[in-house]
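The residues making up each chain are set out below.
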Amino acid sequence: MQKLSDIATIRTVLEKNGFRFSKALGQNFLINPSVCPRMAEMSGAADCAGAVEIGPGIGVLTWELSQVARKVVSIELDQRLLPVLAETLADCDNVKIIRADVMQLDLGRMIAEEFGGKEVAVCANLPYYITSPVIMRLLEERLPVTSITVMVQKEAADRLCAHPGERACGAVSAAVWYYAEPEILFGVSRGSFMPAPNVDSAVIRLKIRKTPAVSVTEERFFFRVVKAAFAQRRKTAVNAMANTLGIPKPAVAAAFEAAGISLNARAETLTLEEFAALSDGLGALEKTAQERKKEEIV
Ligand code: SAM
């Protein structure tokens, strides 16, 4: 089916199947024919083992991906879309639809089974209600993924791609920069969707780094430190970290001084290198405190 993103075709397909949009599942389907070919091409799916899509809807992006990728595996939660997809993707013999909740599916296993564990590109128009959790899962699980090219709400795009040290940066953007090199590719107006949402969107691409942007002794503690610093944005990072991590303020202040960071700094002014220095400094302190406690008990 060639004209899948043509609004008349979409209406006909949906009406024929008696489909009603679910707001809860973030169902805003693309009706702008220029968006999906660009996303599919820019995803780099042509250069790896294939593409993984989350939420095919009626298959507009899936179809475009099937034209550039060797194989496409698409994960859809809404059972009602399966007969629609069987019809719209009838001529694509390199597409497999998996009916599942992307947050529950074992993605590592799926990529091993479907792509022999080889590197894939992720490309999707994400349901907005799980934008950050899906991206964090894809990054944290260290899957064989080369890049993540996704449509998200404009505000989420700005937040996710904000560079550490910039005002818009938050804990999620710091994590994104740790694992990947993000960029905003292009904006997409709200009128490009059916039904039209209240906000505009943007397509972002996260190119996954082979090694993280900074080296840290304890990765889990590093992310605890980052989250703690952003947990109380109005406070200085020293106060926010002392309050949230439960480490005495003088110890946190000493770690800032040792790293050469101002005690008045706020989370959004800190670079990834500074977060790494703070986490290594505080991690060493925490270890000593824990060892001291153990000795006292013995
Ligand atoms: N790709 C289509 C397009 O661009 O027109 C649809 C995108 S729509 C924004 C999001 C899609 O994700 C819907 O098809 C929805 O049913 C599906 N979805 C929502 N939650 C999901 C989940 N937890 N796991 C898998 N798919 C989900």
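Keep in mind the model is a prediction, meaning the values are calculated, not measured.

Draft legend 1. Representation of the environment of Arg266 in the model. Within the secondary structure layout, Arg266 lies in the loop between helix H11 (249-258) and helix H12 (272-297). Classification of Arg266 as partly exposed rests on a relative accessible area of 32%. A C-alpha to C-alpha distance of 46 Å links Arg266 and Lys71, two positions 195 residues apart in sequence. Not counting chain neighbours up to four residues away, the residues in contact with Arg266 comprise Arg233, Arg234, Lys235, Thr236 and Ala237.

Draft legend 2. The arrangement of the sheet that holds strand E9 (residues 201-208) in detail. Strand order in this open sheet of seven strands is E4-E3-E2-E5-E6-E9-E7, and the pairing throughout is mixed. Of all the strands in the sheet, the pair left with one neighbour each is strand E4 (95-99) and strand E7 (180-188). Put simply, the sheet's adjacent strands are angled 20 degrees from each other on average, direction ignored. Note that E7 and E9 share eight bridges and pair antiparallel.

Draft legend 3. Examining the state of the cysteines more closely. In this structure the tally under the stated criterion is zero disulfides. Free cysteine Cys36: the closest other cysteine sulfur is in Cys123, separated by 8.2 Å. The class for Cys36 is buried, based on a relative accessible area of 2%. This cysteine, Cys169, is not joined by any disulfide, and Cys161 carries the nearest cysteine sulfur, 11 Å off. A relative accessible area of 1% means that Cys169 is categorised as buried.

Reading the values: rules and limits
- Residues numbered from 1 in each chain as written.
- Predicted model: local features only at pLDDT ≥ 70, side-chain atom pairs only at ≥ 80, totals over all residues.
- Heavy atoms only, no water.
- Helix = DSSP H or I, 4+ residues; strand = E, 2+ residues; numbered from the N terminus.
- Buried < 20%, exposed > 50% of the residue type's maximum accessible area, 1.4 Å probe, protein only.
- Contact = heavy atoms within 4.5 Å.
- Pairing = 2+ DSSP bridges.
- Axes fitted to C-alpha atoms, helices over the stretch in contact; angles between N-to-C directions.
- Disulfide = S-S within 2.5 Å.

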